[in-house]
Amino acid sequence: MAGVTTSVWATGQRPSRVQRAGRYVPESMRHPGKMLPSIAAKVIATYTGPGELVVDPMCGIGTTLVEAAHLGRHAAGVEYEERWARLAVANLGHARAQGAPGVGRVVAGDSRHIARLLPDLVGRAALVLTSPPYGAATHGHIRSTRDTGQPGVRKWNQRYSADRANLAHQQLPQLLDGFGRILAGCAQLLRPGGVAAITVRPYRVRGELVDLPGHVHRLAEAAGLVFADRIVCLLCGLGDGRLLNRASFFQLHEARKAWARGVPIHAVAHEDLLVFRRPQEPAGSRKLKALRAECELE
């Protein structure tokens, strides 16, 4: 387990579709809000060792679980939407067939109750790695007029939830309340000194910037986790002295429209990785537990 990390990770050297090709079942591309595999792999390699446990409370199609398995870690995930949970299981099976030494499991359920869903893992996880939802729909896949020669833009695979109870449908206050409950449950799963790593970025609602990283920071500390680091995970590539654009059509389209209105916004080219730790137990607490155990034995 590495003791020192750098502040910027070049995780966007290859496009997402290239990172997933052959490593995930083809149906995985239907999910519009996937974590970049290179980010998951880098976090897992940095903060865990072989044989340790990694948990993702909002695992989607299982990117965290698959990368953990390939790195010889064991993994558990919770996913609210059953169709994505089934894909996560399929991706874990695919990883196993490719020789991944780690094993994983997926539970379909509401991760606001994660400690009840995974009671056997309380106090055992070396790492919790996840990302909050940004809404019920994202950009998904598109074909523009330039691609098709037809007027307008065609979108597909842009919606990952139709269930109104999913956190992705909630307004910001309800989303934050739910994600705070998830983090509090994850804090129970972490072993003392364990790491909670959250990938998150700001987003815009009707042009207004929402500081989701700042909100998540406050939620994690309210859950009893201690801030340890912030790392920039690049979504763009680095090549020959310049940035290689990986921004989506809609990111660029929205930025151009804003510039035309005189608002100089830019397409987001990175994810914030916020790193927290569960505090170590005080020495006095460990001694008290040991004394209680001795008394029980007597």
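- Looking up the protein in an unreviewed UniProt entry gives the name Methyltransferase, with the organism given as Nonomuraea solani.
- According to the UniProt record, the Sequence similarities (unreviewed entry) comment for the protein is "Belongs to the N(4)/N(6)-methyltransferase family."

1. Points about helix α8 (residues 212–222)
- All of the buried residues in α8 are Leu 212, Pro 213, Gly 214, Val 216, Leu 219 and Ala 220.
- In this structure, the buried side of α8 is in contact with α7 (172–189), β8 (190–200), β9 (203–205), β10 (208–210) and β14 (270–277).
- The N-capping residue of α8, defined by a side-chain oxygen 3.1 Å from the backbone nitrogen of Gly 214, is Asp 211.
- The positive-phi residue at the C-terminal boundary of α8 is Gly 224, with phi of around 90°.

2. Describing the pairing of β8
- Extensive coverage of β8 is indicated by the burial of 9 of its 11 residues.
- Two strands pair when backbone bridges link them, and strand β5 (residues 125–130) and β8 are joined in this way by 5 bridges, in the parallel orientation. Considered in β8, the bridge of Leu 129 is made with Ala 197.
- In the sheet, β8 pairs with β14 via 6 bridges, with the strands oriented antiparallel. Across the sheet, Ala 197 pairs through a bridge with Val 275, a residue of β14.

3. Describing the pattern of salt bridges
- For the structure on display, the rule yields 7 salt bridges.
- As a salt-bridge pair, Arg 105 and Asp 120 come within 2.6 Å of each other at their nearest N and O atoms. Taken together, the residues Arg 105 in strand β4 (residues 104–108) and Asp 120 in the loop between α5 (114–117) and β5 connect sequence positions 15 residues apart.
- Note on Arg 105: relative accessible area 33%, which makes it partly exposed.
- Between Arg 201 and Glu 271 there is a salt bridge, with its nearest N and O atoms 2.9 Å apart. Taken together, the positions of Arg 201 in the loop between β8 and β9 and Glu 271 in strand β14 put the pair 70 residues apart, joining distant regions of the chain.

4. Describing the nonpolar core
- Core analysis: the biggest nonpolar cluster contains 32 residues, and Val 55 and Leu 118 have the highest contact counts within it.
- For this core, the elements supplying multiple residues, two or more each, are β2 (53–56), β3 (74–79), β5, α7, β8, α8 and β14.
- It is α7 that contributes the most residues to this core, 8 residues altogether.
- Among residues more than four places away in sequence, those in contact with Leu 118 are Val 55, Ala 76, Val 78, Arg 105, Val 107 and Leu 189.

5. Focus on the packing of helix α3 (residues 63–70) against helix α4 (residues 82–97)
- Direction vectors running N to C along α3 and α4 enclose 15°, while the axes themselves pass 9 Å from each other. With respect to α4, the axis of α3 lies roughly parallel. Between α3 and α4 the crossing geometry is right-handed. Where α3 approaches α4, its residues Leu 65, Val 66, Ala 69 and His 70 are matched on the opposing element by Asn 91, Leu 92 and Ala 95.
- Residues belonging to the contact of α3 with α4 are distributed by class as follows: 5 nonpolar, 2 polar and no charged.

So, how was this worked out
Residues numbered from 1 in each chain as written. Predicted model: local features only at pLDDT ≥ 70, side-chain atom pairs only at ≥ 80, totals over all residues. Heavy atoms only, no water. UniProt positions renumbered as here; feature names shortened; annotations may be inferred. Buried < 20%, exposed > 50% of the residue type's maximum accessible area, 1.4 Å probe, protein only. Helix = DSSP H or I, 4+ residues; strand = E, 2+ residues; numbered from the N terminus. Contact = heavy atoms within 4.5 Å. Polar contact = N/O pair within 3.5 Å; in protein donor to acceptor, adjacent residues only side chain to side chain. Pairing = 2+ DSSP bridges. Salt bridge = Lys/Arg side-chain N within 4 Å of Asp/Glu carboxyl O. Core = buried A, V, L, I, M, F, W, Y, C linked by side-chain atoms within 4.5 Å. Axes fitted to C-alpha atoms, helices over the stretch in contact; angles between N-to-C directions. Parallel < 35°, antiparallel > 145°, perpendicular 65-115°, else oblique. Left-handed = near helix turned anticlockwise from the far one by under 90°. Nonpolar A, V, L, I, M, F, W, Y, C, P; charged D, E, K, R; others polar.

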